[in-house]
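Descriptive analysis of the structure
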Amino acid sequence: MSGGGQSWVASTGAALHGAATVPGDKSISHRAVMLGAIADGVSKVEGFLEGEDTRATAAIFARLGVRIETPSPSTRIVHGVGIDGLQAPKEALDCGNAGTGMRLLAGLLAGQRFDSVLVGDASLSKRPMRRVIDPLTQMGAQCDAETGGLPPLRIRGGRQLHGIDFASEVASAQVKSAVLLAGLYAEGETSVREPHPTRDYTERMLSAFGVEIEYAPGYARLRGGQRLRAHDVSVPADFSSAAFFLVAASIIPGSELRLRAVGLNPRRTGLLAALRAMGADIREENAGVHAGEAVTDLIVRHAPLHGIEVPVELVPDMIDEFPALMVAAACAEGTTVIRGAAELRVKESDRLAAMATGLQALGVVVEETPDGAIIQGGALRGGRIDSRGDHRIAMSFAVAGQLATGEVRIDDVANVATSFPGFDALARETGFGLRAL
Ligand code: S3P
């Protein structure tokens, strides 16, 4: 991973114009490599996200004995080894910054014949793993963490797992996916119920790889012992990466920007609903289906925004978009209230604290609450922001800097490469004022 010392300076640029294609979806890229690796046959993944998180997952499967070729950037050819073909790794497996990588792998590795250790960077080493350890333990896995349920995770192989009917307390696609992946190796049936429906990529992709799986919003069930058939995956553009441009073009006067072929999985698009409720002008064109996922061009035009109470039921559908939404709220007229979003405190950083502190540094009136924030829209001034090594905090303040009256310096931005390599160049191309220090 690149050093954390890198900084950006964001300042007023031009109105955003033209068309942009953001990189491939992170959630789908992780899963495509994972399922391709344990399938029978060769799977081609196109539009693979060349981010540090997803590359870390690919590197881990190489260590588990899977041949993965990169014939060209954003393409991977995964030579599946079959459901029982992974080999014992010689060293600890480094998930980097990726919670998705670590939690899904914990499920996948819990039913192997061999032991494995999952480690991560400083941020990932502070993220809660009890939420996957508990259900996996109920399934018969042996998975130990450091005090407080923190990584590294030490997974003991050679355990026969058994299916469970798991009612998750937290609405988390990572937890659901970990249990389902372990369920592939378990005797009997495994089912997961969620308190609110979350993204269903694991379910959709398992089905595309030939696994019989029953699923509906908030529920999934599969039988262990099934084999996966290789399947080519064409990864749509990541809505979460498009989100920064949706907000930027909404708040920068004179903007009109097209974001091409963005993935619109219904469990990811809460920000669209929230921005539209705030008055945003976002049109959809060229709707299509890309590898079973709805994709569409999003054409966003500047529009005056007003504050809203973000509906609590939208929270899981926009869980990664709150940093961007909070910038929109700061630039809107009136008050925006966010509730029911305590999960933001255990993301790559404590995002409620990082955003509240950062916006306050730019003169915005923000009250941080235990599970949300109350933001008064108003003028932004220049200032200095600590992104806390969190990619989405860094990109959100690059957006905020476009409307600030002075320069916004954003420190510790190297981790933007975990999800959106090339963000700064693409942002400049569309009109952003943004330079590296
Ligand atoms: C993800 C699920 C979400 C999301 C993360 C990606 C996934 O995490 O925040 O960026 O790919 O399953 P949680 O499961 O912790 O909500």
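Residues numbered from 1 in each chain as written. Predicted model: local features only at pLDDT ≥ 70, side-chain atom pairs only at ≥ 80, totals over all residues. Heavy atoms only, no water.

Each helix and strand counted, the protein chain has 12 helices and 26 strands in total. Computed over C-alpha atoms, the radius of gyration of the protein chain comes to 21 Å, within 12% of the 22 Å expected from 2.2 N^0.38 for 437 residues, which places it in the range of a compact globule. Across its three principal axes, the protein chain shows a C-alpha extent of roughly 60 × 40 × 40 Å. Every one of the 437 residues in the protein chain was classed for burial, and the buried ones make up 59%. If you sum the accessible surface of the protein chain, you get close to 15,300 Å²; carbon and sulfur atoms cover 49% of it. Placing the 43 positive and 51 negative side-chain charges of the protein chain at their respective mean positions leaves the two points 3 Å apart. (Helix = DSSP H or I, 4+ residues; strand = E, 2+ residues; numbered from the N terminus. Rg over C-alpha atoms; globule rule 2.2 N^0.38 Å. Buried < 20%, exposed > 50% of the residue type's maximum accessible area, 1.4 Å probe, protein only. Areas by Shrake-Rupley, 256 points an atom, 1.4 Å probe, with all protein chains shown as cover. Lys, Arg positive; Asp, Glu negative; His and termini not counted. Charge placed at Lys NZ, Arg CZ, Asp CG, Glu CD.)

With that out of the way, let us pick up the site of the ligand. Neighbouring the ligand are 13 residues; Ser27, Arg31, Ser172, Asp320 and Lys347 lie closest to it. In the environment of the ligand, an oxygen atom lies 2.6 Å from a nitrogen or oxygen atom belonging to the side chain of Arg31. A distance of 2.6 Å separates an oxygen atom of the ligand from a polar atom in the side chain of Asp320. Coverage of the ligand by the protein chains reaches 96% of its 390 Å² of free accessible surface. (Near = heavy atom within 4 Å. Polar contact = N/O pair within 3.5 Å; in protein donor to acceptor, adjacent residues only side chain to side chain.)

A few words now on the sheet that holds strand β13 (residues 189-193). Read from one edge of the open sheet, four strands run β11-β13-β15-β14, paired in mixed fashion. Edge positions in the sheet fall to β11 (165-167) and β14 (213-216), since each of these pairs with one other strand and no more. Geometrically, the sheet is characterised by an average inter-axis angle of 10 degrees between neighbouring strands, direction not taken into account. Direction of pairing for β11 relative to β13: parallel, over a ladder of three bridges. By the bridge assignment for β13, Asp165 is matched with Ser191. Sitting on the sheet, helix α6 (residues 201-208) touches β14 and β15 (219-223), and the angle it makes with β14 is about 145 degrees. (Pairing = 2+ DSSP bridges. Axes fitted to C-alpha atoms, helices over the stretch in contact; angles between N-to-C directions. Contact = heavy atoms within 4.5 Å.)

Quick look at the pairing of strand β3 (residues 39-46) now. Looking down a regular strand, the side chains alternate between one sheet face and the other. When β3 meets strand β16 (residues 228-229), the two strands line up parallel, connected through two bridges. If you follow Asp40 over to β16, its bridge partner there is Arg229.

With respect to the helices, strands and loops of the structure, Leu136 is situated in helix α4 (residues 130-138). Each C-alpha atom of the pair Leu136 and Ile164 lies 9.3 Å from the other, and the pair is 28 residues apart in sequence. Discounting residues that sit within four places of it in the chain, Leu136 has contacts with Ala106, Gly107, Ala110, Ala141, Ala178 and Ala182.

Moving on: the domain arrangement of the protein chain. Parsing the protein chain into structural domains produces domain 1 (7-22 + 236-436) and domain 2 (26-234). Just the C-alpha atoms count here: the centres of domain 1 and domain 2 sit 29 Å apart. Taken together, the contact pairs 25 residues of domain 1 with 24 residues of domain 2. At the boundary of domain 1 with domain 2, total buried surface from both sides reaches about 2,100 Å², with 46% on carbon and sulfur atoms. Three residues stand out in domain 1 for area buried against domain 2, namely Arg267, Glu348 and Thr418, and they jointly supply 25% of the buried area on that side. On inspection of domain 1 and its partner domain 2, the count reaches four salt bridges. Across the salt bridge formed by Arg199 and Asp320, the nearest N and O atoms sit 3.2 Å from each other. Here domain 1 and domain 2 share 11 residue pairs in polar contact (both at pLDDT 80 or more) between them. Per-class residue counts for the side of domain 1 that touches domain 2 are eight nonpolar, seven polar and 10 charged. (Domains from an automatic or database assignment. Buried area = accessible area lost by both parts, 1.4 Å probe. Salt bridge = Lys/Arg side-chain N within 4 Å of Asp/Glu carboxyl O. Nonpolar A, V, L, I, M, F, W, Y, C, P; charged D, E, K, R; others polar.)

The strand order β6-β7-β9-β8 describes an open sheet built from four strands, whose pairing is mixed. Each of the sheet's edge strands pairs with one partner strand only, and the pair in question is β6 (93-94) and β8 (142-146). Pairing of β8 with strand β9 (residues 150-156) involves four bridges; the strand directions are antiparallel. Directly across from Gln142, in β9, lies its bridge partner Arg156.

This part covers helix α11 (residues 391-400). The element α11 is largely enclosed, with a buried count of 10 among its 10 residues. Among the residues of α11, His391, Arg392, Ile393, Ala394, Met395, Ser396, Phe397, Ala398, Val399 and Ala400 are the ones counted as buried. By the N-cap criterion, in which a side-chain oxygen at the helix start approaches the backbone nitrogen of a residue two or three places on, α11 is capped by Asp390, the distance to Arg392 being 3.0 Å.

This part covers the nonpolar core. Judged by nonpolar contacts, the single largest core of 79 residues is most densely connected at Trp8, Phe245, Leu246, Leu259, Ile410 and Phe423. When residues of this core are assigned to their parent elements, the largest contribution, 10 residues, is made by helix α7 (residues 239-251). Residues in contact with Ile410, not counting those within four places in the same chain, are Gln6, Ser7, Trp8, Ala10, Ile385, Ser387, Ala394, Phe397 and Ala398. Ranked by size, the runner-up nonpolar core spans 63 residues in total, among them Leu118, Ile164, Leu181 and Leu184. (Core = buried A, V, L, I, M, F, W, Y, C linked by side-chain atoms within 4.5 Å.)

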